[in-house]
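Inside the fold
Residue-level listing of the chains:
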Amino acid sequence: KQRLIASFVGLEDALDADIAAYQARLAEVKAEHGDLLATLEVSYLELDREDSGVFYMYNTDRAPNYAYREVIRDLGIPQSENVMEAARTGLGFDGNWGVATASIEVLPEYSADLIFLGMYPDSTVSDNIQAALDATAAGAAGQVYPGDTLTWLFHLQHAELRVLNEIDAILDAGVENLGDF
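Just so it is clear, the structure is predicted and the values come from calculations on it, not from any experiment. (Residues numbered from 1 in each chain as written. Predicted model: local features only at pLDDT ≥ 70, side-chain atom pairs only at ≥ 80, totals over all residues. Heavy atoms only, no water.)

Let's talk about the overall build of the protein
If you tally the helices and strands in the protein, you get 8 helices and 5 strands. Ordered by position from the N terminus, the helices and strands of the protein form the series α-α-β-β-α-α-β-β-α-α-β-α-α. Relative to its full complement of 181 residues, the protein shows a buried share of 46%. Considering only residue pairs separated by 6 or more positions, the protein has 77% of its internal contacts joining residues 24 or more positions apart. When the accessible area of the protein is evaluated, it comes to approximately 8,600 Å², of which 53% is carbon and sulfur surface. (Helix = DSSP H or I, 4+ residues; strand = E, 2+ residues; numbered from the N terminus. Buried < 20%, exposed > 50% of the residue type's maximum accessible area, 1.4 Å probe, protein only. Contact = heavy atoms within 4.5 Å. Areas by Shrake-Rupley, 256 points an atom, 1.4 Å probe, with all protein chains shown as cover.)

Some points on the confidence of the model for the protein
Mean pLDDT for the protein: 79, with 79% of residues reaching 70 or above. Between the elements of the protein, mean pLDDT differs from a low of 68, seen in helix 4 (residues 81-89), to a high of 90, seen in helix 6 (residues 137-140). (pLDDT = per-residue confidence, 0-100.)

Some points on the packing of aromatic side chains
According to the stated counting rule, one finds 1 aromatic pair in the structure shown. Judged by centre distance (4.4 Å) and plane angle (15°), the ring pair of Tyr44 and Tyr68 falls under stacked. Within this pair, whereas Tyr44 is found in strand 1 (residues 42-47), its partner Tyr68 is found in helix 3 (residues 67-75), the two being separated by 24 residues in sequence. Across the pair, Tyr68 and Tyr44 agree in class, each one buried. (Phe/Tyr/Trp six-rings, centres within 6.5 Å; stacked < 30°, edge-to-face > 60°.)

With respect to the pattern of salt bridges
Enumeration over the complete set of coordinates arrives at 4 salt bridges. The residue Glu28 makes a salt bridge to Arg25 at a minimum N-O spacing of 3.0 Å. Of this pair, Glu28 and Arg25 both sit in helix 2 (residues 12-37), 3 residues apart, which is roughly one turn of the helix. A salt bridge links Arg25 to Asp168, with the nearest nitrogen and oxygen atoms 2.5 Å apart. Of this pair, Arg25 sits in helix 2 while Asp168 sits in helix 8 (residues 157-173); the two residues are 143 residues apart in sequence, bridging distant segments of the chain. Asp168 sits in the buried class, given a relative accessible area of 5%. Linked by salt bridges that have partners in common, Arg25, Glu28 and Asp168 make up one network. (Salt bridge = Lys/Arg side-chain N within 4 Å of Asp/Glu carboxyl O.)

As for the nonpolar core
The biggest cluster of nonpolar side chains holds 26 residues, and the ones touching the most others in it are Tyr68, Leu75, Leu114, Phe116 and Ile167. Only helix 2, strand 1, helix 3, strand 4 (114-119) and helix 8 provide two or more residues apiece to this core. The biggest single contributor to this core is helix 8, with 6 residues. In terms of nonpolar packing, the next biggest core, distinct from the first, is built from 16 residues, Leu47, Val83, Ala102 and Met119 among them. (Core = buried A, V, L, I, M, F, W, Y, C linked by side-chain atoms within 4.5 Å.)

Things to note about the pairing of strand 4
Most of strand 4 is tucked away, with 6 of its 6 residues classed as buried. Residues of strand 4 alternate between two faces, with Leu114, Phe116 and Gly118 on one and Ile115, Leu117 and Met119 on the opposite face, all of them buried. Where strand 1 meets strand 4, 5 bridges bridge the pair, whose relative direction is parallel. If you follow Glu46 over to strand 4, its bridge partner there is Gly118. In this sheet, strand 5 (residues 144-148) lies alongside strand 4 in parallel orientation, the contact comprising 5 bridges. Among the inter-strand pairings, Gly118 is bridged to a residue of strand 5, identified as Gly147. (Pairing = 2+ DSSP bridges.)

So, the packing of helix 2 against helix 8
In the contact formed by helix 2 and helix 8, the axes pass within 10 Å of each other and the chain directions differ by 20°. Our classification of the angle between helix 2 and helix 8 gives roughly parallel. Read as a crossing pair, helix 2 and helix 8 show a hand that is left-handed. For the pair formed by helix 2 and helix 8, the contact residues are Leu15, Asp18, Ile19, Ala21, Tyr22, Arg25, Leu26, Val29, Glu32, His33, Leu36 and Leu37 on the first element and Gln157, Glu160, Leu161, Leu164, Asn165, Asp168, Leu171 and Asp172 on the second. In terms of residue class, the contact of helix 2 with helix 8 is built from 11 nonpolar, 3 polar and 6 charged. (Axes fitted to C-alpha atoms, helices over the stretch in contact; angles between N-to-C directions. Parallel < 35°, antiparallel > 145°, perpendicular 65-115°, else oblique. Left-handed = near helix turned anticlockwise from the far one by under 90°. Nonpolar A, V, L, I, M, F, W, Y, C, P; charged D, E, K, R; others polar.)

Set out below in structure tokens:
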């Protein structure tokens, strides 16, 4: 899709440069963190904008080509299987999109080594959501990291580079494998 749009607006060279920059950066991150990447499980959870106590889970095999999905797949980081299964079966939502909804009471069931928490710029984490996050293995280890939903769920190449750089900074700060989920 990006190539088609770029051809319509005469920006194919710019897209090629963005893709080359992403591929080069991807190779750097994989070289630096390759051993760790192979052992981690991640979850991308998005808070409901209204702080309703609902969160969304995304299956990286079926969700649309969001930036986070492409980066996680390109890095070879597996997503937590319990999140994948919930989103695959459409728990509380249409599973055809690879998205599921659940209440924060069950959030600890959807833990991983790392939780990327999608938030809108004007969102905050309420006390009850923070308590639910803290009850996850990732939360207890301090391995829950916010991501700007407007970037992480974007479809264009520059968003993928930004997400890749954010994940690299998280890995550089030090994360650990917390076990199987």
